[in-house]
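# Structural characterization, general
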Amino acid sequence: MPRQITVKASFSEKPITALRREHISGDLPSDLQEGELLHLRDKNGKFTATAYHGVQNRAIGWVISKRQLDAIDADFFAHKFENAFAKRLPLLRNKKTNVFRIFNGEGDGVGGLTIDYYDANILINYYSEGIISYRKQIIEALKRTAEFATITEKNRSQKLVETESSKRGDFVVLENGVKCRVNLESGGMTGIFMDQREVRQAIRRNYAKNRNVLNLFSYSALFSVFAVLGGAKSTTNVDIARRSHEIAEANYALNGISAASHKFITEDVFEFLIRAAKQNRKYDLIIIDPPSFSTSNGVAFSTEKELGKLIDAALAVSSKNAALVISTNNSKISKEQFSKLVGKRIKIREEFSLPADYRANRDLPESSYLKVAIGTPL
């Protein structure tokens, strides 16, 4: 039976998706296990919502229904999936794009769970032990509601739980007609950040023609590939990981671009920018898409603390009429903070957030984590 948990008045009057410790009156049961259902009630015992216990970031659980559920089974997940998939029909019917998100956690009604579609190959990410305890029901529901060739599961929570996966290896997907090599089994990154789809298309259509491009933290260099296909004269890709350049060169080749006429530099981004400024190099389109946090040669980088410094270093190598694409996926930086920080350094021409398949939750501003601004130097 679900545990009976008393929540504070502020939560019972207006429940939100993420259940946090400060929403609870008193202590949680000492023997509470992740995955257990919780019936949330106000101080008078009136039912508020059903949640499951799953620790993820600041959340200790996730509201999944305003109805009083005693169990969640494959039927429950199948209903959620059907609703989510129906909202992605335009993408499912798009012959030029076959890689996108088909279920986005709390935005689609189940926090801690995302499902991505890679040309009929499914990638499931579990973000807590709580949600992974329902994996059998989730798989059964997927088999009822989706057609797929393989399924790969990844446990992104801190504690390891064994999952089973279909083996596929490297394969090629399409985004707006552009080819990209992916591998669903290679750690946390697959070869493509799907949430940047609209930004890449904007670069190809509006900002690349006749530009010399500098792509910082370039990873698989898809920004650069789109830029070349949009008429860029040259691209310089900078990333500390040599493996990233191997993936990037493969993406160039897949799209008929000779990598020999483009640069792939394995170096710390700040060190590269210092050297490029000393050599008076200038670039017409600079793409700045750093990780939220990273460590290079024992030196930690955080966008919260150093995004402004990074933009300033990039401006030192920008041409007079350069376009800068500045992006962060750090949910701790609000849209207002981002716009203020960036707006001090460039004249913002265009802004982007998550595409429609990355459905955010209105109760959780941090779920709309992506902030992108494109503009010119002040």
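Below or above, wherever it landed, is the structure these notes cover. Owing to the predicted nature of the structure, the values given are computational and were not obtained by experimental measurement.

### Focus on the environment of Ile203
Mapped onto the secondary structure, Ile203 falls in helix H6 (residues 197-207). With relative accessibility at 0%, the residue Ile203 sits in the buried group. Here the alpha-carbon distance between Ile203 and Val213, two residues 10 residues apart in the chain, equals 11 Å. Beyond its immediate chain neighbours, meaning those up to four positions away, Ile203 contacts Ala208, Phe223, Ala227, Leu285, Ile287 and Val325.

### Structural notes on the packing of helix H9 (residues 269-278) against helix H10 (residues 303-315)
Between H9 and H10, the least distance of the axes is 9 Å, while the angle of their chain directions is 30 degrees. With respect to each other, H9 and H10 are oriented roughly parallel. Where H9 crosses over H10, the two elements pack in a sense that is left-handed. Residue-level contacts link Val269, Phe270 and Leu273 of H9 to Glu306, Lys309, Leu310, Ala313 and Ala314 of H10. Along the lines of polarity and charge, the residues of the contact of H9 with H10 split into 6 nonpolar, no polar and 2 charged.

### Observations regarding the sheet that holds strand S9 (residues 150-155)
Across the sheet, which stays open at both edges, the 4 strands sit in the order S6-S7-S8-S9 with mixed pairing between neighbours. Either end of the sheet is taken by a strand with one partner, and the two such strands are strand S6 (99-104) and S9. Averaged over all adjacent pairs, the angle separating strand axes in this sheet is 20 degrees, with direction ignored. Alignment of strand S8 (residues 121-126) against S9, held across 6 bridges, turns out to be parallel. Along S9, the bridge assignment pairs Ile122 with Ile151. Strands S6 and strand S7 (113-118) of the sheet are contacted by helix H2 (residues 74-87), whose axis makes an angle of about 140 degrees with S6. Along the sheet, helix H5 (residues 135-145) makes contact with S7, S8 and S9, crossing S8 at roughly 155 degrees.

### Section: the packing of aromatic side chains
Enumeration over the complete set of coordinates arrives at 9 aromatic pairs. Judged by centre distance (5.1 Å) and plane angle (20 degrees), the ring pair of Phe100 and Tyr117 falls under stacked. You can see Phe100 sitting in strand S6 and its partner Tyr117 sitting in strand S7, a full 17 residues away along the chain. The buried category is assigned to Phe100, whose relative accessible area is 0%. In this structure Tyr117 comes out as buried when scored by relative accessible area, which is 17%. Taken together through their ring pairs, the aromatic side chains of Tyr52, Phe76, Phe77, Phe81, Phe85, Phe103 and Tyr134 make up a single cluster.

Reading guide: rules and limits
- Residues numbered from 1 in each chain as written.
- Predicted model: local features only at pLDDT ≥ 70, side-chain atom pairs only at ≥ 80, totals over all residues.
- Heavy atoms only, no water.
- Helix = DSSP H or I, 4+ residues; strand = E, 2+ residues; numbered from the N terminus.
- Buried < 20%, exposed > 50% of the residue type's maximum accessible area, 1.4 Å probe, protein only.
- Contact = heavy atoms within 4.5 Å.
- Axes fitted to C-alpha atoms, helices over the stretch in contact; angles between N-to-C directions.
- Parallel < 35°, antiparallel > 145°, perpendicular 65-115°, else oblique.
- Left-handed = near helix turned anticlockwise from the far one by under 90°.
- Nonpolar A, V, L, I, M, F, W, Y, C, P; charged D, E, K, R; others polar.
- Pairing = 2+ DSSP bridges.
- Phe/Tyr/Trp six-rings, centres within 6.5 Å; stacked < 30°, edge-to-face > 60°.

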